[in-house]
Structure formats: structure tokens, C-alpha cells
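Notes for the structure review
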Amino acid sequence: MGIEEYGGGQGAQSDVLVVTTNDVPGYQVQQVIGEVFGLTVRSRHLGSQIGAGLKSMIGGELKGLTKTLVQTRNQAMERLVEQARARGANAVLMMRFDVTEATCAHTHGS
């Protein structure tokens with residue numbers, strides 16, 4: 001993975017704006033549709049888990065787990081946008097990521 005693949009967020013062409021703020025300067029909320037979610041759960045195969053465990057004992061970045069986390073967050077974001085779009089929204093305000101130990105990513109916003 002190149003450094004550009006470790007980022008996240010939306011592409012410039014998205015029709016649903018996603019922000020972490022309560023409002024967007026220059027825009028006014030016309031209607032509140034309610035909460036939307038983007039959920040995903042991923043697991044890694046046993047061999048990679050063992051390898052990550054060994055790597056964590058000697059130190060250094062766990063690149064396989066980093067890659068899984070990036071993919072999981074991106075998929076959760078895609079699902080959030082899909083749900084918002086399906087409900088007729090053109091923006092999601094106050095988006096947050098929650099990640100648990102089990103490499104679950106959860107986005108939510110309103």
C-alpha cells in the first residue's frame with residue numbers, strides 16, 4: 001500500500017457531503033432525516049493473526065492489520081453514504097468512526 005492508500009474520506013465527485021462538524025459554512029439544514037450508519041465487520045485468517053502476534057512482540061507496524069483497518073473504514077464510509085443517499089440526504093453531519101478490538105468499523109452521523 002502506498003501512502004495515498006492509507007487515507008480515507010470521500011472522493012471529489014461524491015453527491016453526499018460527509019463532515020464531522022455540526023454544520024457546513026454557507027449551507028443551511030432544511031430537513032433532518034435522522035441517523036444513518038455504515039457498519040462492517042472483518043476478520044483476518046489465522047495465519048495472519050499469528051504473524052501479527054509475533055510482530056507485535058518485536059515491535060513495528062502491523063502492515064497487514066493497517067491495511068485491513070483502512071479497507072474496513074472505507075467500506076463503512078461507503079455504506080454510510082449509500083444509506084444516506086437511499087434516504088434522500090445530500091449531506092451527513094457529525095460523522096464519527098468507532099472501531100473495536102475485533103476490527104469492526106462503524107460510522108454514524110445525522
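Scroll up a little and you will see the structure.
Described below are features of the structure shown in this document. The structure displayed is predicted, hence computed values, not measured ones. (Residues numbered from 1 in each chain as written. Predicted model: local features only at pLDDT ≥ 70, side-chain atom pairs only at ≥ 80, totals over all residues. Heavy atoms only, no water.)

Next up on the list: the overall build of the protein. When you go through the protein residue by residue, the secondary structure sums to two helices and five strands. Secondary structure elements of the protein occur, N-terminal to C-terminal, as β-β-α-α-β-β-β. Expressed as a percentage of the 110 residues in the protein, the buried residues total 24%. Restricting the contact set of the protein to residue pairs at least 6 apart, pairs at least 24 apart contribute 74%. Accessible surface, the protein as shown: approximately 7500 Å² in total, 53% of it carbon and sulfur. (Helix = DSSP H or I, 4+ residues; strand = E, 2+ residues; numbered from the N terminus. Buried < 20%, exposed > 50% of the residue type's maximum accessible area, 1.4 Å probe, protein only. Contact = heavy atoms within 4.5 Å. Areas by Shrake-Rupley, 256 points an atom, 1.4 Å probe, with all protein chains shown as cover.)

Among the structural elements, Thr-20 can be located in the loop between strand E1 (17–18) and strand E2 (36–41). For the pair Thr-20 and Leu-93, spaced 73 residues apart in sequence, the C-alpha to C-alpha distance is 6.0 Å. With residues up to four places along the chain from it excluded, the contact list for Thr-20 reads Met-94, Met-95 and Arg-96.

Our focus in this paragraph is the pattern of salt bridges. Tallied over the entire structure, the rule returns one salt bridge. A salt bridge links Asp-15 to Arg-85, with the shortest nitrogen-to-oxygen separation between them at 2.8 Å. Taken as a pair, Asp-15 in the segment before E1 and Arg-85 in helix H2 (residues 63–86) lie far apart in primary sequence, 70 residues in all. Asp-15 sits in the partly exposed class, given a relative accessible area of 48%. For Arg-85, a relative accessible area of 39% puts it in the partly exposed group. (Salt bridge = Lys/Arg side-chain N within 4 Å of Asp/Glu carboxyl O.)

Attention shifts here to unusual backbone geometry. In the Ramachandran plot, Met-94 falls in the positive-phi region, its phi being about 60° despite a non-glycine side chain. With respect to the element layout, Met-94 can be found in the loop between strand E3 (91–92) and strand E4 (96–100).

Two numbers describe a pair of aromatic rings. These are the distance of the centres and the angle of the planes. According to the stated counting rule, one finds zero aromatic pairs in the structure shown. Above the face of the Phe-97 ring, Arg-73 is positioned so that its terminal group lies 3.8 Å from the ring centre. (Phe/Tyr/Trp six-rings, centres within 6.5 Å; stacked < 30°, edge-to-face > 60°. Lys NZ or Arg CZ within 6 Å of the ring centre and 35° of its normal.)

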